[in-house]
Amino acid sequence: MGIEIGGLLGLIWLIILIWAIIKVAKSESGGISKLLWILILLFFPLVGLIAWLLLGPKG
């Protein structure tokens, strides 16, 4: 009757990914830059999120 651990972790991961995409969309970067980051986040979720956290907008 409870939520599985894998399902809960998947939901948390999805929320973090959506948060990152929203942050990219609201950033002051150019349109091409935003599009590239969003595509990277969508097609390479784990690597894309780590890269965005390290190389993305500061502040």
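Shown above is the structure to which this text applies.
All residue numbers here refer to positions counted from 1 along the written sequence of the relevant chain. In keeping with the model being predicted, local features are shown solely for residues with a pLDDT of at least 70 and side-chain atom pairs are shown and tallied solely at 80 or more, while totals for entire chains, interfaces and linings include all residues. The side-chain numbers reported here are obtained from all heavy atoms of the structure, hydrogens and water having been left aside.

1. Here we look at helix α3 (residues 45-55)
Within the span of α3, buried status applies to G48, L49 and W52. Down the axis of α3, the smallest arc covering the buried residues is 95°, so these residues share one side. Looking at α3, the residues exposed on the side facing more than 90 degrees away from the buried face are L46, V47, L54 and L55. Burial classes follow relative accessibility: with a 1.4 Å probe on protein chains only, a residue under 20% of its type's maximum area counts as buried, one over 50% as exposed, and anything between as partly exposed. To qualify as a helix, a DSSP run of H or I must reach at least 4 residues; to qualify as a strand, a run of E must reach at least 2; elements of each kind are numbered from the N terminus. In this description, one arc is meant: the one made by directions from the helix axis to the C-beta atoms.

2. Description of the nonpolar core
The tendency in soluble globular proteins is for nonpolar side chains to be buried as a group. Among the nonpolar cores identified, the biggest contains eight residues, and these are L17, A20, I21, V24, W37, L41, L49 and W52. At four residues, the largest contribution of residues to this core is made by helix α1 (residues 5-26). Ignoring any residue separated from it by four or fewer positions in sequence, one finds L49 in contact with W13, I16, A20, L41 and F44. Buried Ala, Val, Leu, Ile, Met, Phe, Trp, Tyr and Cys residues form a nonpolar core when they are joined through side-chain atoms within 4.5 Å. The criterion used for residue contact is that any of the two residues' heavy atoms lie within 4.5 Å.

3. With respect to the environment of G56
Tracing the backbone through its elements, the reader meets G56 in the segment after α3. Among the residues examined, G56 registers a relative accessible area of 9% and is labelled buried. Residues G56 and A20, 36 residues apart in the sequence, show an inter-C-alpha distance of 9.9 Å. Those residues in contact with G56, other than ones at most four positions away along the chain, are W37 and A51.

4. Examining the environment of L14
Along the chain, L14 falls in helix α1. For the pair formed by L14 and P45, sequence separation is 31 residues and the distance between their alpha carbons is 9.4 Å.

5. Some thoughts on the packing of aromatic side chains
Classification of ring pairs rests on two measures: the distance between centres of Phe, Tyr or Trp rings, Trp counted by its six-membered ring, which must be within 6.5 Å, and the angle between planes, read as stacked under 30 degrees, edge-to-face over 60 and tilted in between. Summed over all chains, the structure comprises one aromatic pair. Centre to centre, the rings of W19 and W52 are 5.6 Å apart; their planes meet at 80°, and the pair counts as edge-to-face. One end of the pair, W19, is in helix α1; the other, W52, is in helix α3, with 33 residues separating them in the sequence.

By themselves these figures say nothing about function.
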